[in-house]
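Spelled out, the chains give:
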Amino acid sequence: MIANLLQFGMERPAKLKDQDIEAIKKKIEDLRNNILYHDRKYYVEDNPEISDYEYDRLLRELKELEDVYPQLVTPDSPTQRVGGEPAEKFQTVEHMLPMLSLDNTYSNDELIEFDTRVKKGLEGEEPEYIVELKIDGLGVALIYENGLFIRGATRGDGTKGEEITQNLKTIRSIPLKIKVNGPALSYIEVRGEVFLTHQGFDRINAEREDRGEPLFANPRNAAAGSLRLLDPSITASRPLDIFIYNISYVRDSVFKTHFESLQTLKRLGFKTNPNTVFCRDLKEVMHYVEVWREKREELDYDVDGLVIKVNSLEQQKRLGSTTKHPRWAIAYKYQAEQAFTRIEEIIVQVGRTGSLTPVAILEPVRLAGSIIKRATLHNEDEIIRKDIRIGDTAVIEKGGEVIPKVLRVVNEKRKGNEVRFKMPERCPVCGAAVFRPEGEVVARCTGSACPAQLKERLHHFAARTAMDIDHLGPAIIDQLVEKNIVKDVADIYSLDLATLSGLERMAEKSAQNLLNAIDRSKDAGFLRLVYALGIRYVGERIAQIISQEYSSMDDLIKARREDLESIPEIGPRVAESIVVFFLQEENRRVLKKLKDAGVQMHSKREEKKGGLLEEKQFVLTGTLERFTRDQAKEIIKRLGGRVTSFVTKKTDYVVVGRDPGSKYDRAKELGITIIDEEGFIKLME
Ligand code: IVH
């Protein structure tokens, strides 16, 4: 047994000598530094050196060591990014220095006025400026003591904010540790803007749509909502990012210019925005104002303007601040572009899980450099709230989203013949009944053979993050479904060269490439397959959790609601959805077809069958002396067993520690084998 545990890096702590502890400390320290280095490469510099797989392996190794030696866990360990316990409420903290806001301008004339004010304040000296992008997110302050990230807070009212350290730790581009030498930087506060990329925002909203939850209106709201969640483990699942834009406090002033301080931030491992420029005068500033007016549309995050800052810190000091704004900086805000147009029609789009989304078909209009023909209306409640009718003149706006949105309609332009929208009772594609569960905002098509749903399912199945079938794009999916060649996702594995070459816009070479990609996808692996199935509420993260708990589709199909619910992070709704998915005859049939086609239905781990506790079900109750609960679970799992939360007739062993709960009584009632910790260790031997 000891040999077994050692193999997992799980030597029993009691037997360790001092020098062993030192060696383990060193190993842990090396792993942490290595992971932090790769965090920086990936999240800050966007220049990874190792694969995700290798990174995960390092993190897992560290986690395993820390599980066995919890006394060696430190707050700056990369394992501490995952979240931890939910908070009851946030503490209010006072900022070291007020977090002022910026004065706004919208025109060149106002910019000239700013420059004149600055020069007057500097008694005729010519200032140099730094121009930065104004990121549309949330301002935060981060404090580092002796190089360790110790506290972070929201801007709040500028004087006091909310302490959200745990949530901020989940943001990978925030370094938990920075290298400081000398006393000047031994206590620093930096400020920056937390934001979501458009891609991250779309992902969060797609998941919310699947769950029938109200959608976030824009990336900023989604970032704010994510940052202020009381449960940091949910924040950890949101792809938040940050740009640090200044050092607000240092023990001794060591820089002469803002530009120098930005370079120091970069050197320390903070993520600064790469589009910052140095300008010799206002003329150069104005040039950049024009450059970014349109160019900002190309970025994958929202930029609502530019920030113009006096470069010299000595000049900044001389200029000082009003109670609200610094006099040495100003924001040039770009107006969100809006356009007026007529809503010609409201159609309904069918999503992968049957969700029905109303979309406005617009009289084409130019907006922010492109011709807009449609705008999302989100859901029926939103249409009612804004009283949007077919025939209305609408104000549309392009925010961070790819598809623009309807802000409001112009009541004065109504002629009286506008028509109210009503969600159809039947799916516009397959004719099946439409159902909107109580308490949900999303209406759904109930047709199991709905071609629109099938197209979306195929699209999801083939996605890069799912089975990764390159070349299976929308044009091909449309033809495969419309020509009745593919009736479920498993049918793609029966496609042949002749059929594919017969499709429009499909040369033989491309057909062969697609076939190769389909064939390759059979080995995509269990995790990807679980995600690819498109089970409601099972996004990438849940799929990952599931694939850690279950190693084959056969096991997962057999999982009971309570087994699933006993897994941390899997709530009743997700558990219910998984169970219901596998109960459906149609889904079982498709899974069988996938299996017959040779799609890998289990994780590689399962191939090492024959574990000591194979197929055995355990329930743990009471406190164990030698293991934490997580360690005991891990050991059981590694030896092929399973740990569940409820004692049922299927339970093989109940392991009883100190102060056992009601599970102990239940085990006695059902006559299940009860063992104590010694018995548990013996069993493993
Ligand atoms: S400097 C005292 N730089 O815009 C000057 N702010 O009202 C402090 N923001 O609350 C702000 N990008 O959250 C600065 N490059 C940037 C910024 C930026 C976004 C936010 C910040 C602040 C608000 C200004």
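These figures come from a predicted structure and were not determined experimentally. (Residues numbered from 1 in each chain as written. Predicted model: local features only at pLDDT ≥ 70, side-chain atom pairs only at ≥ 80, totals over all residues. Heavy atoms only, no water.)

Visitor: Could you give an account of the overall build of the chain, with specific residues and numbers?
Guide: Scanning the chain for helices and strands turns up 25 helices and 24 strands. For the chain, the C-alpha radius of gyration of 29 Å lies close to 26 Å, the compact-globule estimate for 685 residues. Taken across its 685 residues, the chain has 50% of its residues classed as buried. Accessible surface, the chain as shown: approximately 34300 Å² in total, 49% of it carbon and sulfur. (Helix = DSSP H or I, 4+ residues; strand = E, 2+ residues; numbered from the N terminus. Rg over C-alpha atoms; globule rule 2.2 N^0.38 Å. Buried < 20%, exposed > 50% of the residue type's maximum accessible area, 1.4 Å probe, protein only. Areas by Shrake-Rupley, 256 points an atom, 1.4 Å probe, with all protein chains shown as cover.)

Visitor: Just give me the short version of the sheet that holds strand β5 (residues 148–154), but keep the residues and values in it.
Guide: Strand order in the open sheet made by the 4 strands is β5-β4-β7-β8, with antiparallel pairing throughout. Here the strands that pair on one side only, and so sit at the sheet edges, are β5 and β8 (240–249). Strand-to-strand twist of the sheet, defined as the mean angle between neighbouring strand axes without regard to direction, takes the value 30°. Pairing of strand β4 (residues 138–145) with strand β7 (residues 187–196), which is carried by 8 bridges, proceeds in the antiparallel orientation. In the strand pairing of β7, I143 is matched with E189. Where helix α7 (residues 219–227) meets the sheet, its contacts fall on β4, β7 and β8, and the angle it forms with β7 comes to roughly 130°. (Pairing = 2+ DSSP bridges. Axes fitted to C-alpha atoms, helices over the stretch in contact; angles between N-to-C directions. Contact = heavy atoms within 4.5 Å.)

Visitor: Can you tell me about the packing of aromatic side chains, naming the residues and giving the values?
Guide: Scanning the model with the defined rule gives 14 aromatic pairs in all. Summarising the aromatic geometry, the rings of F114 and Y129 are spaced 6.0 Å apart at their centres and angled 40° between planes, so their arrangement reads as tilted. One end of the pair, F114, is in helix α4 (residues 108–121); the other, Y129, is in strand β3 (residues 129–135), and 15 residues separate them in sequence. What makes F114 buried here is its relative accessible area of 2%. A ring pair is formed by F618 and F680, whose centres lie 6.2 Å apart and whose planes are at 75°; its orientation type is edge-to-face. A residue pair is termed long-range when its members are at least 10 positions apart, and F618 in strand β21 (residues 617–621) and F680 in helix α25 (residues 677–684) qualify at 62 residues. Each of the two residues, F618 as well as F680, counts as buried. One aromatic cluster is present, formed by Y144, F149 and F270 through successive ring pairs. Above the ring of F216, the side-chain terminus of R208 is found at 4.2 Å from the ring centroid. A cation sits over an aromatic face here: K295 above W292, 4.7 Å from the ring centre. (Phe/Tyr/Trp six-rings, centres within 6.5 Å; stacked < 30°, edge-to-face > 60°. Lys NZ or Arg CZ within 6 Å of the ring centre and 35° of its normal.)

Visitor: Please provide a residue-by-residue account of the site of the ligand, values included.
Guide: Residues in contact with the ligand amount to 13 residues; listed here are only the nearest, L102, E132, I135, E193 and K309. Between an oxygen atom of the ligand and a main-chain N or O atom of L102, the distance comes to 3.0 Å. When isolated, the ligand has an accessible area of 530 Å², and the protein chains bury 88% of it. Only β3 and β10 (303–310) provide two or more residues apiece to the shell around the ligand. It is β3 that provides the largest number of residues to the shell around the ligand, a total of 4 residues. Grouping the constituent residues of the shell around the ligand by class yields 6 nonpolar, 2 polar and 5 charged. (Near = heavy atom within 4 Å. Polar contact = N/O pair within 3.5 Å; in protein donor to acceptor, adjacent residues only side chain to side chain. Nonpolar A, V, L, I, M, F, W, Y, C, P; charged D, E, K, R; others polar.)

Visitor: Which residues make up the pattern of salt bridges, and what values go with them?
Guide: Where charged atoms of side chains with opposite charge meet at close range, the side chains can pair. In this structure the tally under the stated criterion is 46 salt bridges. For the salt bridge of K119 with D115, the shortest nitrogen-to-oxygen distance reads 2.9 Å. Here the residue K119 and the residue D115 both occupy positions in helix α4, the gap between them amounting to 4 residues, near one helical turn. Of the charged contacts in the structure, one is a salt bridge between K309 and E132, with a shortest N-O distance of 2.9 Å. Of the two residues, K309 sits in strand β10 while E132 sits in strand β3, which places them 177 residues apart along the sequence. Taken together, the shared-partner salt bridges in this structure form one network comprising D488, D491, E586, R589 and K593. (Salt bridge = Lys/Arg side-chain N within 4 Å of Asp/Glu carboxyl O.)

Visitor: Mind laying out the packing of helix α13 (residues 451–462) against helix α14 (residues 474–482), listing which residues take part and the relevant values?
Guide: α14 packs onto α13 with a crossing angle of 140° between their chain directions and a minimal axis gap of 10 Å. Here α14 runs oblique to α13, going by the angle between their axes. Judged by the sense of rotation from one axis to the other, the crossing of α13 with α14 is right-handed. Here P451, L454, K455, L458 and H459 of α13 come into contact with α14, specifically with P474, I477, D478, V481 and E482. Class assignment for the residues of the contact of α13 with α14 results in 6 nonpolar, 1 polar and 3 charged. (Parallel < 35°, antiparallel > 145°, perpendicular 65-115°, else oblique. Left-handed = near helix turned anticlockwise from the far one by under 90°.)

Visitor: Can you break down the side chain of T235 residue by residue, with the values?
Guide: The topology assignment puts T235 in helix α8 (residues 232–236). Residue contacts for T235: discarding those within four places in its chain leaves N167, T170, S226, L229 and L240.

Visitor: Summarise the sheet that holds β10; cite the residues concerned and give the values.
Guide: Across the sheet, which stays open at both edges, the 5 strands sit in the order β2-β11-β10-β3-β9 with mixed pairing between neighbours. Among the strands making up the open sheet, the edge pair consists of β2 (104–105) and β9 (277–279). Relative to β9, β3 is paired through 3 bridges, and the arrangement is antiparallel. Across the sheet, residue I130 finds its bridge partner in β9, namely F278.

Visitor: Residue-level account of the side chain of T170, with values.
Guide: You can see T170 is positioned in the loop between α5 (165–169) and β7. A polar atom in the side chain of T170 sits 2.6 Å from the backbone oxygen of N167.

Visitor: Would you mind going over the nonpolar core in detail, with residue names and values included?
Guide: Judged by nonpolar contacts, the single largest core of 57 residues is most densely connected at F461, I469, I492, M553, L556, L564 and L594. Among the elements of the structure, α13, α14, α16 (508–521), α17 (526–532), α18 (540–549), α19 (553–558), α21 (572–583) and α22 (585–596) are those that each provide at least two residues to this core. The element best represented in this core is α21, accounting for 6 residues. Once residues lying within four places of it in the same chain are set aside, the contact partners of L594 are F461, A490, Y493, L529, L533 and V599. In terms of nonpolar packing, the next biggest core, distinct from the first, is built from 35 residues, F149, L185, A223 and A224 among them. (Core = buried A, V, L, I, M, F, W, Y, C linked by side-chain atoms within 4.5 Å.)

Visitor: So what about the confidence of the model for the chain? Which residues, and what values?
Guide: Taken over all residues, the pLDDT of the chain has a mean of 88, while the share at 70 or more is 95%. Note that residues 1–12 has pLDDT below 50 and, in this model, 23 contacts with residues that lie over four places away or in other chains. (pLDDT = per-residue confidence, 0-100.)

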